[in-house]
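Structural overview
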Amino acid sequence: MEKVANRSHLRKHVFWLIMIIELLLFLSACSAEIPARKILKDGDSNTPEVRLQTSDHKVVIDNGFVEVTIENPTGYLTGIKYKGLDNVLESSNHNSNKGYWDIVWDNGAYDKIVTKHVKVITRTDDLVELSFTKKWKFRTDHGKTVPLNIDKRFIVRRGVPGLYMYGIFERQEDFPDAQMYQTRIAFKLNEDKFRFMAISDTIQRIMPKEEDRDDTRSQTLDFKEAVQLTNPSDPQFRGEVDDKYQYSSENKDNKLHGWISDDEAVGFWVITPSNEFRTGGPHKQDLTSHVGPTALSMFVSTHYTGIEIDTAYKKGEAWKKVFGPVFIYLNSDSSDNDFRKTLWNDAKRQLSEEIESWPYNFTRSEDFPHAEQRGEVSGQLLVRDRCMGKELVQAQSAFVGLAAPRYAGSWQTEGKGYQFWTQTDEIGRFNIKNVRPGEYNLYAWVHGFIGNYKLDLNITIQPGNKINLGTLIYDPPRNGPTLWEIGIPDRTAAEFFIPDPDPTLTNSLCIDDADKFRQYGLWDRYSDIYRHGDLVYTVGVSNYSQDWFFAHVPRNVGNSTNRPTTWQIKYNLEHVNETGNYTLQVALAAASYAELQVRFNNPDAVQPYFTTTRIGYDNAVARHGIHGLHRLYSINVPGNIFQKGDNTIFLTQTRSQVSFNAVMYDYIRLEGPTV
C-alpha cells in the first residue's frame, strides 16, 4: 500500500509539473509581440511540388502558390495566377503585351525577341527551369530582328510565390554591326486591380489610369511623356502632371518597386538583388514603374546618358551576357488593416533575403557562375590632398567598383560588360564580393573630392580568387590652395537651389524635399525667379543652397523663344600673383546639348577664355534628374588675367534651341598658384 501511495503521489507531482511548464510556455508566447497582420507567403516543408504542363501553344508551371503561363514557343509571359486573381497581368492585352522582353536597336527598331524553341532544363519536385531560345540567321533574320542568339529563362521554385527570370544574349563574330540602345523586361498588370504604385518609402500612392493620359482626358506638355490630367476618371488627379521619368531611380537604389491590388490585398514586386548586369555604374538612372500599370526591369538604356554610353556592337566582336536573374515576387495580406504598408515592408524583407542569397545557386546555365565560381577583391582607399595637410584622409563611404579596363571614370559609359560596386566603411576599407571571372580595372570616386580614381593595374578574377590590394592612395586633381568654392563634390546638383514647381503643374508624389527635383517644369522657374537679370553669385555673401539655381538653363522670353544666359561669380582677391598659374575647377553634374563658355572680367570678349564646345546628351533636366554624366574641367589661368580687388567670372550657356539645353553644376573651385 505504501508503494502504491508513493507512486500515486509521484504521478500527481509530475502532472502538476507538466501543467506549470505548459502554462509558462503559453504565457511566454502571449507576452511576445504578436503581429497584427499575417502575410501569406512561403509554405513549409509540406508545400506542393512544382508541376509542369506543356502543350503546343503554352507551358504552365504551378507550385501551389503561383501558376505561371508562358506562350509556346514565343516565350511571352501571358499569365500569373495568384490567390484570388486569375491573372495579375492584363488579360485583355495581346499575348505579346503582357510580360515580355524587348530591345530597341538600329534606328529605333523595336524587337520583342520572339523565340522559336522551348526546352526543359530542370524538372524536379522542387524546381522547374525552362529555356526559350532562338538562333539568329543572316538569311532569314537580317534587317528584321536584332542580331542576337536569345535564351530566355524562367524558374519556379517550390514554396516560393513568384518566378525568376533571366536572359542569355549572345553575338557571334560574324554577326553584322548593331546598336542596342535598350534592353528590358516589361510587365503590363491588370488595370482594374493594380492601382497603388510603390517605388520607395516616400514615393507611393494610388495612380491615374492609362486612359487618363489619352488626348480626351489630358493635355500633352513640352514632350509626349509629360501630360497634365484635365479630365481624369478619378477627380483627385485633375490638374496633376504625370510623367514616367518622375519615378526614375539610380541603379544602386533601383532594387524594389511594384504595385498593389487593394481589392485582394495582393502585391506584385520586381526585385533586383544585384546590379552586376546593369550598365553605367551605381549612379546610372533608369525607369521603374509607371502608369499603365506597368512595371519594368531595366538592363540597358540611354536614359540620362544619351548615346555616350557604349551600345555599339561591331562585326568581328563576339559578345555574351547574362541579364538577371530578377525575381517577380507576389504577396498578400489576410487582414483589413494597413495592408499596403504590410505588403511593402514584406517586399523589402524579401529583397533582403534575395540579396543574401546572391548569387543564386539554383540556376542551371553554365553562363551564370555560382558563388564558388566567383572571386572577391578587398583593400583600403585613402585620399592625399596635398593642400589639406600631410595626413592621409580615410575615404569614407567612397564608391569603389570593378568594370571593364578603360580610363578613369569610363564606367559611367560602359554598356557591355559586368560591373561590381560597393561602398567603403568609415576608414576606407572595401570588399567587393561575388565577382564573375574576367579582367577588370578598379575605379572609385570619393564624396567631397573631385575627380575619378583608377588603379593602374589589370585585375584578373578567377574562380575562388581572393585578392587583397592593400592600401591604395588617391591623389585628387589639385594645383593650388582653395581660394573659394561653390557646392559640394558629390556628382549631383542636389545641394543647390531647387525651386517650388508652378502650382498648376505639380505631381503630389514628388512633394518630399528630397524628391522636389522630380517636379515638372522647373526649367521655366528660372525665368520667373530671375526675371530682371541672370544669376549673380557673390563669394562670401551668397549661399549656394539658396542663391545658385540647380540648372543653368536658357531664358524663356515667350513665343516659344529662348535666349542664352550668363551667370556671374563675383569675388575679391587681396593679392594676385601675376606670374603664377591659377586653376578654375569646374565639375558638371549633367549636360544636354549645351556649351559652357568661361570669361574672366570681360563679358564682352569675342572669344571666351575657355569653352567646353558642344557637350552632353543626358537630357537630365527634361527627365527630372538631378544629375546625368559627370564631367570635370581643370582650367589653367595665368595670374595676369586677374586683378587685385574685385573680379568676376562669367559663365555663359550658349545653346538655347529648346528649354532643356542646359548644364548642371556639381562643384566650382578657384585654386591659387602652387605655394
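Residues numbered from 1 in each chain as written. Predicted model: local features only at pLDDT ≥ 70, side-chain atom pairs only at ≥ 80, totals over all residues. Heavy atoms only, no water.

In spatial order, the strands read S36-S39-S45-S41-S42; together these five strands make up an open sheet with mixed pairing. One side of each edge strand has no neighbouring strand; the edge strands of this open sheet are strand S36 (536-538) and strand S42 (610-611). Relative to strand S39 (residues 565-573), S36 runs parallel, the two sharing three bridges. From the neighbouring strand, Thr538 faces S39, where its bridge partner is Lys570. (Pairing = 2+ DSSP bridges. Helix = DSSP H or I, 4+ residues; strand = E, 2+ residues; numbered from the N terminus.)

In this section: a negative patch on the surface. Together, Glu210, Glu211, Asp214 and Asp215 make up a negatively charged patch on the protein surface. Position of Asp215 among the secondary structure elements: in the loop between strand S14 (204-206) and strand S15 (218-220). (Patch = residues over 30% accessible without salt bridge, like charges linked within 9 Å, V, L, I, M, F, W, Y side chains within 5 Å. Areas by Shrake-Rupley, 256 points an atom, 1.4 Å probe, with all protein chains shown as cover. Salt bridge = Lys/Arg side-chain N within 4 Å of Asp/Glu carboxyl O. Lys, Arg positive; Asp, Glu negative; His and termini not counted. Charge placed at Lys NZ, Arg CZ, Asp CG, Glu CD.)

As a further point, take the nonpolar core. Counting residues in each nonpolar core, the largest one holds 104 residues, and the members touching the most others are Leu77, Met165, Phe187, Phe268, Trp269, Leu381 and Leu442. Here the element with the most residues in this core is strand S25 (residues 319-333); it accounts for eight residues. Every residue in contact with Leu381, bar those within four places of it in the chain, is listed here: Gln394, Ala395, Ala398, Val400, Gly428, Phe430, Ala444, Val446, Tyr453, Leu472 and Tyr474. With 56 residues, the next largest nonpolar core counts Leu221, Trp523, Val598 and Met664 among its residues. (Core = buried A, V, L, I, M, F, W, Y, C linked by side-chain atoms within 4.5 Å. Buried < 20%, exposed > 50% of the residue type's maximum accessible area, 1.4 Å probe, protein only. Contact = heavy atoms within 4.5 Å.)

Bringing the packing of aromatic side chains into the picture now. As enumerated under the stated definition, the model contains 49 aromatic pairs in all. With centroids separated by 5.4 Å and ring planes inclined at 40°, the aromatic side chains of Phe299 and Phe323 adopt a geometry described as tilted. Note that Phe299 is positioned in strand S23 (residues 294-300) and Phe323 in strand S25, a separation of 24 residues in sequence. Each member of the pair, Phe299 as well as Phe323, carries the same accessibility label: buried. The positively charged end of Lys321 is found above the aromatic ring belonging to Tyr418, 5.5 Å away from the centroid. (Phe/Tyr/Trp six-rings, centres within 6.5 Å; stacked < 30°, edge-to-face > 60°. Lys NZ or Arg CZ within 6 Å of the ring centre and 35° of its normal.)

Here the focus is helix H3 (residues 339-356). The end-to-end C-alpha distance of H3 is 26 Å, a good match for the 26 Å that 18 residues give at a rise of 1.5 Å each. Looking at H3, one finds that the buried residues are Phe339, Thr342, Leu343, Trp344, Asp346, Ala347, Gln350, Leu351 and Glu354. (Expected span 1.5 Å × (residues − 1).)

Looking now at the confidence of the model for the protein. For residues with low pLDDT, the predicted coordinates do not support detailed interpretation. Confidence in the prediction of the protein, expressed as mean pLDDT, is 93, and 93% of residues score 70 or more. Overall, residues 1-44 carries pLDDT values under 50, and its contacts beyond four positions in sequence, including any with other chains, amount to 31 contacts. (pLDDT = per-residue confidence, 0-100.)

Counting buried positions along strand S40 (residues 581-594) gives twelve out of 14 residues, so the element sits mostly inside the fold. Looking at chain direction, S40 and strand S46 (residues 662-671) are connected through nine bridges and run antiparallel. Bridging from a neighbouring strand, Ala587 pairs with Tyr667 of S46. Alignment of S40 against strand S43 (residues 615-617), held across two bridges, turns out to be antiparallel. In the sheet register, Ala594 faces S43, and the bridge partner there is Ile615.

Whether parallel or antiparallel, the strands of a sheet pair through hydrogen bonds between backbone atoms. What the three strands build is an open sheet, ordered S15-S16-S17; its pairing is antiparallel. Two strands lie at the open edges of the sheet, namely S15 and strand S17 (241-242), each paired on one side alone. Where strand S16 (residues 227-229) and S17 come together, two bridges link them in antiparallel fashion. Paired with Val227 across the bridge in S17 is Asp242.

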